[in-house]
Structure formats: structure tokens, C-alpha cells
Amino acid sequence: MEVIDGSGPDHLYSALAKTLCGGPVGRHMPTEKKKQQDRYPDKSPNKSLELLRECEEALRTRPARLHRAFSYQNLSGDLHQKTIRVMQWNILAQALGEGLDGFVRCPLEALNWSERKYLILEEILTYQPDILCLQEVDHYFDTFQPILARLGYQSTFCPKPCSPCLHLANNNGPDGCALFFRRERFELMGFTHLQLAATHLHTNQVAIVCTLRCRETRQMLCVAVTHLKARSGWEMLRSAQGLDLLSKLKTIVQETRRIGVDEKVSRMGVPLLVCGDFNAEPSEDVYRQFATSSLGLDSAYKQLSCDGETEPPYTTWKIRPSGESCNTLDYIWYSRQHLSVDAVLQFPTAEQIGPDRLPSYNYPSDHLSLVCDFSFCNSPE
């Protein structure tokens, strides 16, 4: 459960070809590597374009992907400051998609990993996030870490202690949360893996918290990714997990501010981003806990509503044996005092998604990705 920096021989395409076109490589924990990102020049733009073309070629027999446009919110900000693009996405664990989730209108062929992984990578490469927060990752070591590391990302992965994937045939190990960030944009200052608790008892849900420093502005930024307990009937557990996460985030933010590398951090505070599949509608207690927290958080996707106070009608839409479910469960929370939302990726319409809903031949997960551009409200002088 260490942070991987992605250094090593620069033979990207031979490695990608083995990973993507061949069978799965053996699962192993990578050896510990030093965290001096500055030593590794980032050549990701050309590599990203090359891989995106490979994805398009591999998916040429599949229908056109969902078209999504950005809604621009802040056109009066500092044009000299580069925005920070954040992607939040439950990518659907391969073992769960094929063996447990029961998407009755999605053909098994559409979930075949040999092509579905290209759909996931294409989505990531299309939006080019600076920070990428993923849930239900069960191909971290053999696919996402090695590929994205060679595209300039540093990352860390925290598996669920008792992942349901482990109980399924032909699984690829436990699923969990993963957090990636571009080495050229951010320097890692510290990270924590959390097993969330409820009434002092550990649960099966986890979170990752990374403290980053922006190389351009020198501003500190705390980023968290989590995946709370699923299913109806578990609202009280999600509420307890949310309180536990908020408490730990407060401690981490306060400690980061206290030991800040310079007095600017102490003066301005530490911006916070919390991305996750909360498995909770806005009507649940855990949503209200985050909305009213002393951390001063707001939900970025409320920017898409006319009044700025309403969440999107759905972030996931699926059909299971129990029926059709259309829910808002995924969020990007941000410190409204420190960050502004510059752009938000819109969701596809019901007509674009299609009557069979998600996942499908043209979209790899039952959850839609959330993508936002942020900028610091006040950059350090």
C-alpha cells in the first residue's frame, strides 16, 4: 500500500502492448521507490495521444461513445493561473460487473475486460485530469498503475479489507480506491490510507488522503477519495462512516496547516477536495454532514443547476433483476473558501444513454464520471 512514482525505463508502448493486448500479468506489490518526482521528466502528452489512438482502434467496432460538453462557470478568474482538472469515477470492478452486479440489459460481451479496459482508459485520456480519483479498482497493479505512471501520474491504492471481489471466481484480487495525480503539476507531501469506522468499529470501506503541493503556485492541497457502504438500509452506517471521515480530514487539514512549509500555508489554510461514491442521495444524513461541515465544503456539481443548490438528477443509471434505478450517489466536494469551480462536465441525457442504461457497449461503468476544473481563489504571493 505504498505510493508509486512510475519511474523506470521509458519503453511505454512495448509495456502497454503487453498489458493491454496480452493476458493479465502476475499480481505483485511493487517495490518501494523514492518519491523524488522532479527527477523524472514528464513526456505524457505524446504518449497520451498515442494511447488514445490505440484505444480508438481497439474500440472501432463499438458504437460511438457518449458525447458530453463542459459547462463553464467562472470566466472572470485569473487567466494566467492554470486550472486543476479533477475526475471522480466509480469504474465498476471487473469481477463485480461480470459476476455479481447482475446488469440484466448489458450483454456479458460488453463487459469483456479485453475491450472494457480500453473504454475506461479512453474516458480518462479524453479528459486528461490532473487529479484522478477512482473507486472499485481491481486492476490497479496490472493495468492502471503501470499505464498511468508512464503517462506522468503518481498514485496510491488502498484495497477494501474484505472486498466482495475475493469471493468471485476468476477475480483479480480485491477492489479498492485509487488516487492518481500528475507529477508535473503536484509534489506529494504526504498520504494516509484510512479504514473507515462506525461507532469505533472498523468497516469494510476505505479512503485515501493525499497532501499535495502545487508546483506552479506552491499552494498546498488536500485530496481525499472514498467509497461508502452501498445498498438501501445502510443509511446509518454511511452516516457514521461520513462522520469518521470528516473527523479525520479535519485532523489532517489542521496538522498540515500547523506544520506548513511556510507561513503562507498557516495564513491561508489548506484547500480540500473530497471525491467519492457516497452511495447516498442528497436526502441522506451523510450528504448533509458534508454540506454543513466546519470544513466549509460545497458540492461542485450543484453548479449545473439553475439555482446552484440542486444536485444532478443522476450519476448512475442501471437495470438489475430488482428493477431500474436512477440515482445521484457521486460527488466532488471542495473548499468554497479556497477554490472556485471554473467548469463542470455535463451528464448525457437519457436518450444518449439509451434504454438499456449502464454499463453498455459504449460506456464501461454503471456510474458516470464527474469532471471539474478548479482554480485557487487566492494564490500565495
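Up top is the structure.
Residues numbered from 1 in each chain as written. Predicted model: local features only at pLDDT ≥ 70, side-chain atom pairs only at ≥ 80, totals over all residues. Heavy atoms only, no water.

Glancing now at the packing of aromatic side chains. Scanning the model with the defined rule gives 18 aromatic pairs in all. For the ring pair Phe 70 and Tyr 72, a centre distance of 6.3 Å and an interplane angle of 40° mean the geometry is tilted. Overall, Tyr 72 belongs to the exposed group, its relative accessible area being 55%. Relative to Tyr 127, the ring of Phe 70 lies with its centre 6.1 Å away and its plane at 80°, an arrangement referred to as edge-to-face. A residue pair is termed long-range when its members are at least 10 positions apart, and Phe 70 in strand S2 (residues 70-72) and Tyr 127 in helix H4 (residues 113-127) qualify at 57 residues. Of the two residues, Phe 70 and Tyr 127, neither departs from the other in class, the shared state being buried. (Phe/Tyr/Trp six-rings, centres within 6.5 Å; stacked < 30°, edge-to-face > 60°. Buried < 20%, exposed > 50% of the residue type's maximum accessible area, 1.4 Å probe, protein only. Helix = DSSP H or I, 4+ residues; strand = E, 2+ residues; numbered from the N terminus.)

We now examine the nonpolar core. When a protein is soluble and globular, its nonpolar side chains tend to lie buried together. Ile 131, Phe 144, Phe 180, Leu 221, Leu 273, Ile 332 and Phe 374 are the most contacted members of the largest nonpolar core, which has 71 residues in total. Looking at this core, the element that brings in the most residues is H4, giving eight residues. Look past the residues within four positions of Leu 221 in its chain and what remains in contact with it is Ile 84, Ile 131, Phe 186, Cys 210, Thr 211, Leu 212, Val 270, Pro 271, Leu 272, Leu 273, Leu 339 and Phe 376. Grouped together as the second largest cluster of nonpolar side chains are 25 residues, Leu 196, Ala 207, Val 209 and Leu 249 included. (Core = buried A, V, L, I, M, F, W, Y, C linked by side-chain atoms within 4.5 Å. Contact = heavy atoms within 4.5 Å.)

The next point concerns the pairing of strand S4 (residues 131-137). Taken across its seven residues, S4 has seven buried, putting it largely inside the fold. Bridging between strand S3 (residues 84-90) and S4 involves five bridges; their strand directions are parallel. From the neighbouring strand, Val 86 faces S4, where its bridge partner is Ile 131. (Pairing = 2+ DSSP bridges.)

Glancing now at the environment of Phe 186. One can find Phe 186 in strand S7 (residues 186-198). Note: C-alpha distance between Phe 186 and Thr 211 (25 residues apart in sequence) is 9.6 Å.

The pairing of strands in a sheet happens through backbone hydrogen bonds and is either parallel or antiparallel. In spatial order, the strands read S7-S8-S9-S10-S14-S11; together these six strands make up an open sheet with mixed pairing. The sheet terminates laterally at S7 and strand S11 (297-299), the two strands that pair on one side only. Along the sheet, successive strands turn relative to each other by an average axial angle of 20°, direction set aside. Where strand S10 (residues 272-277) meets strand S14 (residues 330-335), five bridges bridge the pair, whose relative direction is antiparallel. Across the sheet, the residue bridging to Leu 273 is Tyr 334, located in S14. Sheet strands in contact with helix H6 (residues 235-258) are S7, strand S8 (201-214), strand S9 (220-227), S10 and S11, and its direction is about 145° off that of S7. (Axes fitted to C-alpha atoms, helices over the stretch in contact; angles between N-to-C directions.)

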